[in-house]
Amino acid sequence: MVRGAGVYLWDEQGQKYLDFTAGIAVCSLGHAHPRLAAVLTEQAATLIHCSNLYQNPWQNQLAERLAGLSGLDKAFFCNSGAEANEAALKIARRYFAQQADRRTEVISLPGAFHGRTMGALSITPKPKYHEGFTPLVPDCHTPATLAEVPGAISERTAACFVEVIQGEGGVHPVPLDVLQAIQQRCRETGTLLVVDEVQTGVGRTGTMFAFEQAGLQPDIVTLAKGLAGGVPIGAVLVREQVAGVMGAGSHGSTFGGNPLACAAALCVLDELAADGFLARVKAVGQYLGERLQELGSEVSGRGLMWGITVPDAQAFVRAAAAAGVLVTAVGDQRVRFVPPLILEREHVDELLDRLQALRVSGGR
Ligand SMILES: *Cc1c(COP(=O)(O)O)cnc(C)c1O
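Presented here is a report on the structure given in the accompanying data block. (Residues numbered from 1 in each chain as written. Predicted model: local features only at pLDDT ≥ 70, side-chain atom pairs only at ≥ 80, totals over all residues. Heavy atoms only, no water.)

**Concerning the pairing of strand E12 (residues 234-238)**
On a regular strand, one side chain projects to one face of the sheet and the next to the other, so that they alternate.
Inference 1: Burial of E12 is extensive: 5 of the 5 residues sit out of reach of the surface.
Inference 2: Side chains Gly234, Val236 and Val238 of E12 all project onto a buried face; the interleaved residues Ala235 and Leu237 project onto the opposite face, where all are buried too.
Inference 3: Across 5 bridges, strand E4 (residues 74-78) lies against E12 in antiparallel orientation. Along E12, the bridge assignment pairs lysine 74 with valine 238.
Inference 4: Looking at chain direction, strand E11 (residues 220-223) and E12 are connected through 4 bridges and run antiparallel. The residue bridging threonine 222 from the neighbouring strand is valine 236, located in E12. (Buried < 20%, exposed > 50% of the residue type's maximum accessible area, 1.4 Å probe, protein only. Helix = DSSP H or I, 4+ residues; strand = E, 2+ residues; numbered from the N terminus. Pairing = 2+ DSSP bridges.)

This is the structure in structure tokens:
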């Protein structure tokens, strides 16, 4: 790929694609967004990086904005989703290191994906991702079924990590009753509830965060992918009482919170705050969900994050690309649709027109 504009990408042969990958749920404002490009240009001409030896106003503003939006109190910035979850794991360890019971157990959900660094990998239960990398971080457990998760949380558990919709796992929303039961058990046992919003956060599901729709009050929220519209960034949002165990020097990141990435994230948040933006994500997303019934079965998702089941996901991805549409496989029979959040109804119609040959039902 050599160029992008809005919801389209062009490859070096000049072939144009309708982009339903958005760089894996990253390019929230689409490609070459004029305001984001202007913000980045201006920021590059002002200050790109100064390290955390010094404060910079963009990092402080971004922390304040995210705190206000999430209801959490403190933010730590890093450069990716895995790093955000890694920081969350360290915060949970340290929180209990300062209590009488030095809990180290971490529970994650079957089908979860939290990243590829050693800690994040240890709470990502997919055996294929572990091949050749064991031993992993000890005391990380994943029950065999979602229903068993609440019961697995005990007074030994430091943290439970959840995704409201499992993205890499196939775009499967975790049932609300399971999420509620997990939250309930976390409260009863004093376990920290960590919601991984790396993929679902920042407007992807039609609200700023997916946890709002699930009635969750997390202790820690991790963000990354769409937050800065394509510029690498990660963030950990933490409740005051938990954040208090971290002090200057207890964790760190050289690039984290750099003015360039923070200015980009502030621009994304400004756009999402614009009148009707999230309402449009919801409305266009609902239309997308309806029309995806024509392309596959077991259509599930929310906002502009959807998955469908097809006989052969790789074959579907290849056929779609040949028809000028980019989508990703998440599993042998699952295809994911995570377009830029600026998607319009007409782009959904274009998707269905281009994928005419892949339709499974008569359509409308
Ligand atoms: C992509 C993803 C990650 C990992 O993010 P990276 O930036 O690739 O490290 C973690 N959690 C979830 C839910 C993700 O979708």
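**Points about the environment of aspartate 219**
Inference 1: On the secondary structure map, aspartate 219 appears in the loop between strand E10 (192-196) and E11.
Inference 2: Its relative accessible area of 10% is what places aspartate 219 among the buried residues.
Inference 3: Between the alpha carbons of aspartate 219 and leucine 288 there is a distance of 33 Å; along the sequence they are 69 residues apart.

**Focus on the site of the ligand**
Inference 1: Taken together, Ser80, Gly81, Ala82, Asn85, Phe113, His114, Gly115, Glu163, Asp196, Val198, Gln199 and Lys225 make up the full set of residues near the ligand.
Inference 2: Glycine 81 is positioned with one of its backbone polar atoms (N or O) 2.8 Å from an oxygen atom of the ligand.
Inference 3: In this structure, a nitrogen atom belonging to the ligand sits 3.3 Å away from a main-chain N or O atom of phenylalanine 113.
Inference 4: For the ligand, the protein covers 82% of the area, taking 380 Å² as the surface of the free molecule.
Inference 5: Broken down by element, the residue count for the shell around the ligand peaks at 3 residues, all from helix H4 (residues 81-97).
Inference 6: For the shell around the ligand, the residue count by class is 3 nonpolar, 6 polar and 3 charged. (Near = heavy atom within 4 Å. Polar contact = N/O pair within 3.5 Å; in protein donor to acceptor, adjacent residues only side chain to side chain. Areas by Shrake-Rupley, 256 points an atom, 1.4 Å probe, with all protein chains shown as cover. Nonpolar A, V, L, I, M, F, W, Y, C, P; charged D, E, K, R; others polar.)

**Points about unusual backbone geometry**
Inference 1: Each neighbour pair has its own omega, and for threonine 134 with proline 135 the value is 0°, a cis peptide bond.
Inference 2: Note on placement: proline 135 falls in the loop between helix H6 (127-130) and strand E6 (140-141).
Inference 3: Even without being glycine, isoleucine 24 reaches a positive phi, approximately 65°.
Inference 4: Looking at the secondary structure, you find isoleucine 24 in helix H1 (residues 22-25).
Inference 5: Residue isoleucine 24 is classed as partly exposed on the basis of its relative accessible area of 39%.
Inference 6: A positive phi angle, close to 70°, is found at aspartate 139, a residue other than glycine.
Inference 7: Secondary-structure assignment places aspartate 139 in the loop between H6 and E6.
Inference 8: Given a relative accessible area of 22%, aspartate 139 falls into the partly exposed group.

**Description of the pattern of salt bridges**
Inference 1: Going through the model one piece at a time under the given rule, you end up with 14 salt bridges.
Inference 2: The shortest N-O distance in the salt bridge between aspartate 139 and arginine 156 comes to 3.5 Å. A residue pair is termed long-range when its members are at least 10 positions apart, and aspartate 139 in the loop between H6 and E6 and arginine 156 in the loop between helix H7 (149-152) and strand E7 (157-162) qualify at 17 residues.
Inference 3: Since its relative accessible area comes to 47%, arginine 156 is described here as partly exposed.
Inference 4: Measuring nitrogen to oxygen at the nearest pair gives 2.6 Å for the salt bridge that ties glutamate 168 to arginine 336. (Salt bridge = Lys/Arg side-chain N within 4 Å of Asp/Glu carboxyl O.)

**Considerations on the sheet that holds strand E5 (residues 105-107)**
Inference 1: Taken in spatial order, the 7 strands of this open sheet run E4-E12-E11-E10-E7-E5-E6, and their pairing is mixed. Each end of this open sheet is capped by a strand with a single partner; those strands are E4 and E6.
Inference 2: Note: E7 against E10, 4 bridges, orientation parallel. Note on E10: the bridge partner recorded for valine 162 is valine 195.

**What to know about the packing of helix H11 (residues 277-292) against helix H13 (residues 345-354)**
Inference 1: Taken N-terminus to C-terminus, the directions of H11 and H13 make an angle of 15°; their axes are 9 Å apart at the nearest point. Looking at the two axes, H11 sits roughly parallel to H13. Of the two possible hands of crossing, H11 and H13 adopt the one that is right-handed. Residues Val284, Tyr287, Leu288, Arg291 and Leu292 of H11 lie in contact with H13, whose contacting residues are Arg345, Val348, Asp349, Leu351 and Leu352.
Inference 2: Of the residues belonging to the contact of H11 with H13, the class tally is 7 nonpolar, no polar and 3 charged. (Axes fitted to C-alpha atoms, helices over the stretch in contact; angles between N-to-C directions. Parallel < 35°, antiparallel > 145°, perpendicular 65-115°, else oblique. Left-handed = near helix turned anticlockwise from the far one by under 90°. Contact = heavy atoms within 4.5 Å.)

**Brief notes about the pairing of E7**
Inference 1: Counting buried positions over the 6 residues of E7 gives 6, a clear majority of the element.
Inference 2: The pairing of E5 with E7 spans 3 bridges and is classified as parallel. Residue pairing for E7: glutamate 105 is matched across the bridge by threonine 157.

Take it as geometry only, folks, not as evidence of what the structure does.
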